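# Structural overview
Single-letter residue listing:
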Amino acid sequence: MKRWFYVWVLMPNMVWMCNAGQAPALLRPVLYDLLAKQPYSAAAIHTVESGLASAVDPVACLINFAGDKNPEVRMVATQLLPELRNPDAAKSLWNLLRDDSEAVRIYAVGALGR
């Protein structure tokens, strides 16, 4: 976790390069919170945001992002999936408990607890 804090301290402005206003209304507050508080790269947030902006089904879209090759994209999806309160989202989070990235596994545990 020290590494993520280090990135946040050195590059806090990177997370502000995205526009969370394009996301579905249900997920906008969470995206704004992620942009303000979490050390995700602008590219990861932008990837998820653009996918959600054009998605017909946000749950399916986020489940696809949960399988993305970029761990930061998977972490963002892990933060958004519990907000949808969907059983399919919970199954996806359960699968992320076996992710290669330790950070994704930790975020999945926290998401399942919400």
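Structure's up top.
In what follows, the accompanying structure is described. (Residues numbered from 1 in each chain as written. Predicted model: local features only at pLDDT ≥ 70, side-chain atom pairs only at ≥ 80, totals over all residues. Heavy atoms only, no water.)

### Thoughts on the overall build of the protein
Regarding its fold elements, the protein presents 7 helices and 0 strands. Here the protein holds 114 residues, and the buried ones make up 42% of them. Here the contacts in the protein between residues at least 6 apart in sequence split such that 58% fall between residues at least 24 apart. When the accessible surface of the protein is summed, it comes to about 6400 Å², and 58% of that surface belongs to carbon and sulfur atoms. (Helix = DSSP H or I, 4+ residues; strand = E, 2+ residues; numbered from the N terminus. Buried < 20%, exposed > 50% of the residue type's maximum accessible area, 1.4 Å probe, protein only. Contact = heavy atoms within 4.5 Å. Areas by Shrake-Rupley, 256 points an atom, 1.4 Å probe, with all protein chains shown as cover.)

### Details of the nonpolar core
Counting 27 residues, the largest nonpolar core has Val-48, Leu-52, Leu-62, Phe-65, Val-76 and Leu-80 as the members making the most contacts within it. Sorting the residues of this core by element identifies helix H3 (42-54), helix H4 (58-65), helix H5 (71-80), helix H6 (87-96) and helix H7 (102-112) as the ones contributing at least two each. Aside from chain neighbours lying at most four places away, what touches Leu-62 is Leu-27, Val-48, Leu-52, Ala-77, Leu-80, Leu-81 and Leu-84. (Core = buried A, V, L, I, M, F, W, Y, C linked by side-chain atoms within 4.5 Å.)

### Observations regarding the pattern of salt bridges
Under the counting rule described, the total for this entry stands at 2 salt bridges. Taking the shortest distance from any N to any O, the salt bridge between Asp-99 and Arg-74 comes out at 2.8 Å. Residue Asp-99 is found in the loop between H6 and H7, and its partner Arg-74 is found in helix H5; the two are separated by 25 residues along the sequence. Note on accessibility: Asp-99 and Arg-74 belong to one class, buried. Residue Asp-88 is joined to Lys-91 by a salt bridge in which the shortest nitrogen-to-oxygen separation is 3.9 Å. Linking Asp-88 with Lys-91, this pair stays in helix H6, spanning 3 residues, or about one helical turn. (Salt bridge = Lys/Arg side-chain N within 4 Å of Asp/Glu carboxyl O.)

### Some remarks on the packing of H5 against H7
Each packed pair of helices is defined by two parameters, the angle between the axes and the distance between the axes. Where H5 contacts H7, the two axes come as close as 9 Å, and the packing angle between them is 5°. In terms of orientation, H5 lies roughly parallel with respect to H7. For the pair H5 and H7, contact is made by Pro-71, Arg-74, Met-75, Thr-78 and Gln-79 and by Ala-103, Val-104, Tyr-107, Ala-108 and Ala-111, respectively. Residue classes in the contact of H5 with H7 are distributed as 7 nonpolar, 2 polar and 1 charged. (Axes fitted to C-alpha atoms, helices over the stretch in contact; angles between N-to-C directions. Parallel < 35°, antiparallel > 145°, perpendicular 65-115°, else oblique. Nonpolar A, V, L, I, M, F, W, Y, C, P; charged D, E, K, R; others polar.)

### Thoughts on H7
Here H7 has its buried residues at Ala-103, Val-104, Tyr-107, Ala-108 and Ala-111. Buried residues of H7 fall within an arc of 135° about the axis and therefore sit on the same side. Residues Glu-102 and Val-109 are exposed on H7 and point more than 90 degrees away from its buried face. (Arc of directions from axis to C-beta.)

### Remarks on the environment of Glu-49
One can find Glu-49 in helix H3. Along the sequence, Glu-49 and Arg-28 sit 21 residues apart, while their C-alpha atoms lie 9.5 Å from each other.

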